[in-house]
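Structural features, examined
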Amino acid sequence: MKKFTSIYFLSLIIRSFFIYLARLEVVSAIKLCIFSIVFLIVFTFNKICLLLDRLFFDFVKVNVKKPFFIVGFPRSGTTFLHKTILKDSQFTTPKLWELIFAPSIIQKKIYFSISKKFKKYNFVNVINFLLRPFVKSLDNVHEVNLSNPEEDYLFLLPFGGCFLLSAVFPVLDVWKLCDFDRKFELADRLKLFEKYKLLVKRHLYYHGKNKIYLSKNPHFTGFIESLKIIFPDCNILGCHRDPLKSLPSVLSSMEPPYRLMSRNVKNDLNLFIDMLDIYTNCLIRQDNDKFLFVSMEKIKNELEATILKIYNKFNYKTNPDVLNIIKIESRISKKFVTKNDYSLKYYDIDKVNFRSRYKKYYLFFEKLK
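So, a few notes on the structure that sits alongside this text. (Residues numbered from 1 in each chain as written. Predicted model: local features only at pLDDT ≥ 70, side-chain atom pairs only at ≥ 80, totals over all residues. Heavy atoms only, no water.)

1. Quick word on the overall build of the protein chain
Looking only at helices and strands, the protein chain has 17 helices and 5 strands in total. On C-alpha atoms alone, the protein chain measures out to a radius of gyration of 20 Å, which is about the 21 Å that the 2.2 N^0.38 rule sets for 369 residues. By principal-axis analysis of the C-alpha atoms, the protein chain measures approximately 60 × 55 × 45 Å. Residue burial in the protein chain is summarised as follows: out of 369 residues, 50% are buried. Here the contacts in the protein chain between residues at least 6 apart in sequence split such that 80% fall between residues at least 24 apart. Looking at charge distribution, the protein chain has the averaged site of its 60 positive side-chain charges lying 4 Å from that of its 34 negative ones. (Helix = DSSP H or I, 4+ residues; strand = E, 2+ residues; numbered from the N terminus. Rg over C-alpha atoms; globule rule 2.2 N^0.38 Å. Buried < 20%, exposed > 50% of the residue type's maximum accessible area, 1.4 Å probe, protein only. Contact = heavy atoms within 4.5 Å. Lys, Arg positive; Asp, Glu negative; His and termini not counted. Charge placed at Lys NZ, Arg CZ, Asp CG, Glu CD.)

Following this line, the structure appears as structure tokens:
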């Protein structure tokens, strides 16, 4: 079967359903059916609108100039860095509501036209209100708000190319996405990213053809080689963090979606442990003038210097007003103290020898300090 098509996505649903039944996880199977129906309704409508884009808009000719990708370890400061850089108007990135409900140009135009006429009725705010009971538990880990800029691997959900599906689909094909460049054939990889590129072009067509497209996706770390093929002039930032702190934080962030599916994140513990090792290998293979490493400690304690280093490395224009905002954010970042306290014992990783298990990470990144 060809990978990363609508049929492939359906196959993931069907395989997951029978896996749940084989494990006698009936509640998870029922929830899968409910989620799948919602997914398919939304994705089918989106697909129709994406086809209409081709009739009405010449977005294919948009030139994606030097897109900027923030990758690296999950829970390594990527979200905070992403939001801070977005305060500079030369960059643009999709918001969560666009990724899920309006990937097409025509959907964006309709939404903004309606919003102007009916300012009191904001469907994004309404859905945010309805979602609060389900996503409130994530606030201390990663706030879910449709109005926030979000990870654009959600563009790839309808094709089975988004790692977030690992919480819903207990299928190893989804876990292979961690090592995307080595687990999938080149033709399949390029097919998926050609679709992604067209979605990026649509975004730029609507929000500004001359803007720099900014993407933040820790789970694109395993996609770096494919990104460089599709976007040969792209710039990439690799964020990293001590696995001893990153791993329990990752497990904590994935626990709510697993729980939503009546699953236990600890059942996939070894897969999460392997994921950080795979991402380490992907990062340390990078060695060119369009790639830069930055640690979470630098993002937190030296934010202003870190962003200036990024701008200088990739030749981005600096704006005095933006630099003033970054100075303020830098002072706030230094004072920030996390409310989260992750227990190694709770996640059954208290006996993991991190120095041995992630030897490559410590050998490589401790030299960069």
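2. With respect to the packing of helix α3 (residues 78–85) against helix α14 (residues 303–314)
Two numbers describe a pair of packed helices, the interaxial angle and the distance between the axes. Between α3 and α14, the least distance of the axes is 12 Å, while the angle of their chain directions is 70 degrees. Of the possible angle classes, the one that applies to α3 and α14 is roughly perpendicular. In this structure, α3 crosses over α14, and the sense of that crossing is right-handed. For the pair α3 and α14, contact is made by Phe80, Leu81, Thr84 and Ile85 and by Leu303, Ile307, Ile310 and Tyr311, respectively. (Axes fitted to C-alpha atoms, helices over the stretch in contact; angles between N-to-C directions. Parallel < 35°, antiparallel > 145°, perpendicular 65-115°, else oblique. Left-handed = near helix turned anticlockwise from the far one by under 90°.)

3. Things to note about the packing of helix α1 (residues 6–22) against helix α2 (residues 26–56)
The interhelical angle for the contact between α1 and α2, taken along N-to-C directions, is 170 degrees, at an axis separation of 9 Å. In terms of orientation, α1 lies roughly antiparallel with respect to α2. Contacts from Phe9, Leu10, Ile13, Ser16, Phe17, Tyr20 and Leu21 in α1 reach Ser28, Ala29, Leu32, Cys33, Ser36, Phe39, Leu40 and Phe43 in α2.

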